[in-house]
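Commentary on secondary and tertiary structure
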Amino acid sequence: MSSRSRSDDRIALLQGTLDLLILKTLVLGPCHGQGIGRSILRRSEEVLFVDHGSLYLALQRLEDKKWISAKWGVSANNRKARFYSLTPKGRQQLTEKFSEWQRLVRAMGLILEGGMLDGGTDNQEV
Amino acid sequence: MFRRRRSEDDFAEEIRSHLELEADELRREGFSEEEAHRRAKVEFGNAQTARERFYLRGRVIWFDNLVRDIQFAIRQLTRNPGFAVVAFLVLALGVGASVAIFAFVDAALLEPLPYASPDRLMSVSESDTSLPGWPLSYPDFLDWKAENKSFSSLDIYTGSGYLLRTRSGAEPVHGERVSGGFFQTLGVRPLLGRDFNPGENQPGGPNVTLLSYGAWVRRFGARPEIVGQTIDLDNEAYTIIGVLPQSFSFAPSGNAEFWVPINKLSLHEHSRTFYNFAGIGRLRDGVTVASAQSEVRAISNQIQQQYAITGHDLNAGVTPLSEVMVGDVRPILLTLLCGAGLLLLIACVNVSSLVLVRAENRRREIAVRGALGATPARLVKQFVTEAVVLAACGSSAGIILAATLIPVLARLVPVRMASGMPFLDRVGLNVHTAGVATATALLTTLLLAITPILRLPFRQVHADLADGGRGAASEFWSRLGANLVVFELAIAVVLLAGAGLLGRSLYHLLHVHLGFDSGHLATVEIALPSTLHQNSEQIKVFNNEVLQRATSLPGVESAGLTSRLPVQCNCSTDGIRIVGRPYHGEHNEVNERHVSPGYLPALKAGLIRGRFFTEEDDASRPGVAVINQTLARRYFPDQDPIGQSIANDEGGRPSTWQIVGVIDDVREGPLDAEIAPTEYFPVNQTGDRSFTLAVRSSRDAGALLPEMVSSLHEVNPNLGVSNEATMVDKIDTTQAALLHRFAALLVGGFAVMALVLGVVGLYGVVSYSVGQRKREIGVRMALGAQRSSVYRLIIRQAAWLVLVGLTVGLLCSLGTSILMRRLLFGVHAWDAVTLVGVSVLLGLSSLAASFLPARRAASVDPVEALRAE
């Protein structure tokens, strides 16, 4: 919650979007929690920082919903880690959530871009 | 619901692994080892918080809701304290009564015998068609023991009395003579010392005795060194060889203090037809009661042929010992259990109908909450929680009530009778009782939770909101509520009828024709030490002195001596023949009583023919007898018994007795037993050494008792004087009177509670319906209906319910009374007086209960009622 980012241009995630990001990350293959967090940070070009407490809670929630499954395995650098992978149900949810997201982005864009005439368009403060 | 959750350890492990992976990555990015770890931790945020959040995840909502539901339930209950208190009390009463009664049933019927493998213990007896289960004769016992293969051991016991020499004189004490293996058969080991040795059991064996625990503590100060010392019983020295454990009791022996091996037999006891010893046997493994019975029967038949015992069809009986021990109390206990069960049922029905009324009133609230998003499951859970809270409080209070009731009930049993009920010591809250209590609580909860759930259609939210909680659903409620009330009233009728029948039985029992006047009679038992008064002449002198002293006490009108008081038992029997008639060994059992000349007149027994005994009827004269009317009718049906003679074959006494008088039947046996034929012999011709003094006075008999005792001690301080009591007390504390009184009192208590609950239930239903129909009544009155017709409207509705309840109840009570006919005395199961009385009682109380709401209905102001809408 109160994690201070390494640089100020990182932003916290919107509630609900974390699930989508996790599911998307797992499309590439099974991954452990630390890897998921790092991956989200890296692929958002160091902008989206995941609070680790929230990450694990989200992972647990998704596991409870049977969208992802988990088992203990060994990481690339030979550490014991809990690996999460996408279930068929999770894959289906990903498509649904993604289209939902797209609709949201479009709707937001329609409104915001319309009124964003005199501001810097690159400013991502939300 | 019960999905397996991930353990916290597993989660902690995952966090650890995360931190290591993160540190690895940071190291790769060029941070020092230490810095990498530090940063990994900082990055993660607070690991402890994460763990806590993991722990609470999922649980917290469930728990929060539970706490909220309980708080809500308690708030709801306290908001309506009348309902809460009534429901709580009713439940506590129902559960308390059932659990308390069950505790007795459990102790008496489920584990009646405190011995090793009690189910293998049998009572072994002789029997014939007319008299099942009479004692064995000693020779028969020896033969049965030697020849049977069904029992691993077979033993006998018989009650006995001794005069114990104490520092202050002589005291009559209860003893029990038993065969040597008696305690091994029961599986009881002495607490101190040893059991009987085999040699001590043989005729002519040494005088040894085992002490009961009570005797050891009371008489010998619980000194262990008492073992090996000698005491004086009947002027003979007996060596104490051991002390029996505290837990040991043997109901047929009452509170016998001295246990002595059977190694001296009286003259009669050698006889094969002197039946004096009760038998117990332990069945071998795998032998059934039936096969043991048929084997012993075969042996018995063979003995009968061998010794040419003819006449009565001698047979053998083998019945479980528990049957003999608790057979008398079983029907009463089962009746009480049923009564308590019915009370519990009525309590549950009552409370659930209360819950129902409340649920109906909350219909709108439920609809609102449903509309605001509460799921049906959530609403149901709330009702269940309320039921659980209510049932839990009620049941725990009930269990506490049971725990306090049990000792109170146990204390109601008089000591004299309690000694025959060893199971009383074990009555209490144990595993069984706790199990039953829990089951009762669960059932109650279920009932209370299910009633409103079944009734509340959680989905009809819209309809209910619009309707404001009236209409079809309420109609349904009044129908269901009415059904429940009918059920309650029917149960109340069953209990009332049962109580009425038991009450009338008790009345009949206590007013049964005694054949003598029991008022103003004081009695005391006397035993003569054998050193005193060796011959019959001396005994006669002594008897006269006792009687003279007694009659000289102030207020005393007359006095007499008897070998046994009336209304005790049909025992001390004699086998008789009629002199001058052919005899084929028929078993003519009659009660035998030895009485002084003044005894029968003192009882105010009615003389029908002939005369009472006189002072002249003593040892120097030929034997004379007075018989009762039953004996005269049975053995001299067409003939005048006066002048006839009866004979018995007991040695050492005149064996023929000429009948000089016939008296009206004096009830010698228990109150509820048939009158048995009885013969009376003059005490001066029998030379008894122990008897009971009966004194009739014009004063209060109880006040006379201490004076009687002290005047007897003046005659001789070494006399054994015991059991002083008035005749009325003696009768009141006989088993028959006590059992009937118990049954009548307890079932009566249950019935009163059931009546109150049923009537309150009726009141609830009628007032609810009046409340619901207020508008209708208003309309009727606005249209010109008279108040009297409103009364009629309401009372008619109540009358229907009562009528149905009464009819169902009366039909059921016929069934239950037939089931408990063993407890009835002098009344039929269909006793009209009782049934009419119950109907009137219920009808009147129901009328009263429906009158109040009817008056409320009649006083409805039509303008008000209509404006309220």
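These figures come from a predicted structure and were not determined experimentally. (Residues numbered from 1 in each chain as written. Chains lettered and ligands numbered in written order. Predicted model: local features only at pLDDT ≥ 70, side-chain atom pairs only at ≥ 80, totals over all residues. Heavy atoms only, no water.)

**Regarding the overall build of chain B**
Using the following cut-off: Helix numbers and strand numbers start at the N terminus; a helix is a DSSP run of H or I with at least 4 residues, a strand a run of E with at least 2. When a residue's accessible area, from a 1.4 Å probe over protein chains only, is under 20% of the maximum for its type it is buried; when over 50% it is exposed; and in between it is partly exposed. Any pair of residues with heavy atoms lying within 4.5 Å of one another is described as a contacting pair. The Shrake-Rupley method, run with a 1.4 Å probe, gives the accessible areas here. Residue values count only the displayed protein chains as cover.
Helices and strands together make up the secondary structure of chain B, namely 28 helices and 23 strands. In chain B, which comprises 869 residues, the proportion classed as buried is 51%. Across chain B, every contact between residues at least 6 apart in sequence was considered, and the portion connecting residues at least 24 apart equals 81%. In the form shown here, chain B has an accessible surface area of approximately 39100 Å², with 59% of it arising from carbon and sulfur atoms.

**As for the overall build of chain A**
Helix and strand content of chain A: four helices and three strands. Helices (α) and strands (β) of chain A occur, in sequence order from the N terminus, as α-β-α-α-β-β-α. The burial tally for chain A puts 40% of its 126 residues in the buried class. Taking contacts inside chain A between residues at least 6 apart in sequence as the whole, the part at least 24 apart equals 53%.

**Regarding the environment of B:D672**
Residues and elements named next belong to chain B. On the secondary structure map, D672 appears in the loop between β20 (656-663) and β21 (678-682). A relative accessible area of 38% means that D672 is categorised as partly exposed. Along the chain, D672 and Q735 lie 63 residues apart, while their C-alpha atoms are 9.9 Å from each other. With residues up to four places along the chain from it excluded, the contact list for D672 reads L509, A736, H740 and F825.

**Some thoughts on the packing of helix α2 (residues 33-43) of chain A against helix α3 (residues 52-64) of chain A**
All names here are of chain A. For the record, the criterion: To obtain an axis, a line is fitted to C-alpha atoms, over the contacting stretch when the element is a helix, and the angle between two such axes runs from 0 to 180 degrees between their N-to-C directions. In this scheme, a crossing is called left-handed if the near helix is turned counterclockwise away from the far one by less than a right angle; it is called right-handed if the turn is clockwise.
One way to put it is that α2 packs onto α3 with a least axis distance of 10 Å and a crossing angle of 115°. Between α2 and α3 lies a crossing whose hand is right-handed. Along its contact with α2, which presents G33, Q34, I36 and G37, the element α3 presents L55, Y56 and L59.

**A closer look at the pattern of salt bridges**
Residue and element names in this part refer to chain B. Keep this limit in mind: For salt bridges, the criterion is a side-chain nitrogen of Lys or Arg within 4 Å of an Asp or Glu carboxyl oxygen.
Evaluation of the coordinates by the stated rule reveals 32 salt bridges over all chains. Ionic pairing is found between R177 and E269, a salt bridge with its closest N-O pair at 2.9 Å. Taken together, the residues span a long stretch of sequence, with R177 in strand β4 (residues 169-178) and E269 in the loop between β9 (258-261) and β10 (275-283) at a distance of 92 residues. The exposure class assigned to E269 is buried, which follows from its relative accessible area of 5%. Across the salt bridge formed by D831 and R504, the nearest N and O atoms sit 2.7 Å from each other. Remark: R504 occurs in helix α17 (residues 472-510) and D831 occurs in the loop between α26 (787-819) and α27 (832-858); sequence separation between them is 327 residues. On the basis of relative accessible area, R504 is assigned to the partly exposed category, the value being 28%.

**Thoughts on the pairing of β9(B)**
On any regular strand, side chains alternate: one points to one face of the sheet, the next to the other face. Residue and element names in this part refer to chain B. Short version of the rule: For two strands to pair, DSSP has to find at least two bridges joining them.
Here β9 shows two buried faces, one formed by F258 and V260 and the other by W259 and P261. Sheet topology note: the β4/β9 ladder contains four bridges and is parallel. Across the sheet, the residue bridging to R177 is V260, located in β9. Relative to β9, strand β6 (residues 208-211) is paired through two bridges, and the arrangement is antiparallel. Looking at the pairing, L210 lines up with W259 of β9.

**A look at the side chain of B:T335**
Within the secondary structure, B:T335 sits in helix α11 (residues 330-361). By relative accessible area, B:T335 is classed as buried at 16%.

**Let's talk about unusual backbone geometry**
With a phi angle near 65°, A:K66 is a residue other than glycine that sits in the positive phi range. Looking at the secondary structure, you find A:K66 in the loop between α3 and β2 (68-74). Backbone geometry at B:S117 places phi at a positive 25°, although glycine is not the residue there. Checked against the element boundaries, B:S117 lands in the loop between α5 (81-110) and β1 (121-127).

**Examining the nonpolar core**
Residue and element names in this part refer to chain B. As a reminder, the rule being used: We define a nonpolar core as any set of buried Ala, Val, Leu, Ile, Met, Phe, Trp, Tyr and Cys residues linked to one another through side-chain atoms lying within 4.5 Å.
Formed by 117 residues in total, the largest nonpolar core has its most connected members in Y115, F182, F183, L186, F248, F250 and W259. Sort the elements by how many residues they give to this core and α5 lands first, with 16 residues. Not counting residues within four places of it along the chain, the set of residues in contact with L186 comprises Y115, A116, L121, F248, F250, I280 and R282.

**A few points about the packing of aromatic side chains**
Note the following rule: The criterion for an aromatic pair is that two Phe, Tyr or Trp rings (for Trp, the six-membered ring) have centres within 6.5 Å, with stacked assigned to planes under 30 degrees apart, edge-to-face to planes over 60 apart and tilted to the rest. Each ring is checked for a lysine NZ or an arginine CZ that lies within 6 Å of its centre and within 35 degrees of its normal; such an atom marks a charge sitting over the ring.
Taken as a whole and assessed by the stated rule, the structure comprises 17 aromatic pairs over all chains. Look at B:Y157 and B:F250: their rings are 4.8 Å apart centre to centre, the planes differ by 90°, and that puts the pair in the edge-to-face class. Of this pair, B:Y157 sits in strand β3 (residues 151-166) while B:F250 sits in the loop between β8 (236-243) and β9, placing them 93 residues apart in sequence. The pair B:Y157 / B:F250 is uniform in exposure class, with both members buried. Put simply, the rings of B:Y115, B:Y157, B:F182, B:F183, B:F196, B:F248, B:F250 and B:W259 pair up and form one aromatic cluster. Here the basic side chain of A:K65 rests over the ring of A:W67, its NZ or CZ set 4.7 Å away from the ring centre. The ring of A:W72 has A:K80 lying over it, and the distance from NZ or CZ to the ring centre is 4.6 Å.

**Things to note about the confidence of the model for chain A**
Put simply, the rule is: Scored from 0 to 100, pLDDT records how confident the predictor is in each individual residue.
Across chain A, the average pLDDT comes to 77, with 77% of residues at or above 70. Ignoring residues within four places in sequence, the model shows residues 116-126 of chain A, a span with pLDDT below 50, making zero contacts including any to other chains.

**Details of the pairing of strand β7 (residues 230-233) of chain B**
Residues and elements named next belong to chain B. The alternating pattern of β7 places I231 and L233 on a buried face, while none of T230 and D232, on the opposite face, is buried. Note that β7 and β8 share four bridges and pair antiparallel. Bridge assignment links L233 to a residue of β8, and that residue is E236. Between β7 and β8, which pair antiparallel one after the other, the connecting turn spans two residues, and D234 there sits at a positive phi close to 50°.

**Digging into a nonpolar patch on the surface**
Spelled out, the test is: Surface patches are defined over residues having more than 30% relative accessible area and no salt bridge, joining like charges when they lie within 9 Å and nonpolar side chains (Val, Leu, Ile, Met, Phe, Trp, Tyr) when within 5 Å.
A grouping of A:F98, A:W101, A:L104, A:V105, A:M108, A:L110, A:I111 and A:L112 is seen on the molecular surface, where their side chains present a nonpolar patch of about 760 Å² in accessible area. Inspection of the secondary structure assignment puts A:M108 in helix α4 (residues 88-115).

**Overview of the sheet that holds strand β1 (residues 31-32) of chain A**
Strand pairing in a sheet is mediated by backbone hydrogen bonds. Such pairs are either parallel or antiparallel. Residue and element names in this part refer to chain A. Pairing is antiparallel in the open sheet, where three strands are placed in the order β1-β3-β2. Each having just a single partner strand, β1 and β2 make up the two edges of the open sheet. Pairing between β2 and strand β3 (residues 80-86): seven bridges, direction antiparallel. Along β3, the bridge assignment pairs W72 with R82. Packing against the sheet, helix α1 (residues 17-27) makes contact with β1, β2 and β3, and its axis sits at approximately 95° to β3.

**Digging into helix α25 (residues 774-782) of chain B**
An α-helical segment advances 3.6 residues per turn. Residues three or four places apart therefore align on the same side. Residues and elements named next belong to chain B. Formally: The reported arc concerns the directions from the helix axis to the C-beta atoms and nothing else.
Within α25, burial applies to I777, G778 and M781. For α25, the arc enclosing every buried residue in end-on projection is 105°, short of the 170-degree limit, so these residues lie on one face. Just past α25, the residue G784 takes up positive phi, approximately 105°.

**Side note on α5(B)**
The criterion, for reference: Given the number of residues in a helix, its expected span is that number minus one, multiplied by 1.5 Å.
Compared with an ideal rise of 1.5 Å per residue, which puts 30 residues at 44 Å, α5(B) spans 41 Å between its outermost C-alpha atoms and is within 8% of the ideal. Most of α5(B) is tucked away: 22 of the 30 residues are buried.

**Let's talk about the confidence of the model for chain B**
Looking at chain B, pLDDT values average 82 and 88% of them are 70 or higher. Ignoring residues within four places in sequence, the model shows residues 465-471 of chain B, a span with pLDDT below 50, making 12 contacts including any to other chains.

**Examining the packing of helix α6 (residues 138-147) of chain B against helix α9 (residues 289-306) of chain B**
Residue and element names in this part refer to chain B. Rule in force here: Convention used here: angles under 35 degrees read as roughly parallel, angles over 145 as roughly antiparallel, angles from 65 to 115 as roughly perpendicular, and any remaining angle as oblique. When residues are grouped by polarity, Ala, Val, Leu, Ile, Met, Phe, Trp, Tyr, Cys and Pro land in nonpolar, Asp, Glu, Lys and Arg in charged, and all others, Gly among them, in polar.
It is at 10 Å that the axes of α6 and α9 come closest, and there the two elements cross at 130°. Classified by the angle between their axes, α6 and α9 sit oblique to one another. As α6 runs across α9, the sense of the crossing is right-handed. In contact with D140, D143, W144 and E147 of α6, α9 contributes E295, V296, I299, S300, Q302 and I303. Class assignment for the residues of the contact of α6 with α9 results in four nonpolar, two polar and four charged.

**Topic: the environment of B:A676**
All names here are of chain B. Following the sequence through the fold, A676 ends up in the loop between β20 and β21. Taking the relative accessible area as the measure of exposure, A676 reaches 17% and is therefore buried. Separated by 106 residues in the primary sequence, A676 and N570 place their C-alpha atoms 6.9 Å from one another. The contact partners of A676, leaving out residues within four places of it in the chain, are N570, N591, N628 and T630.

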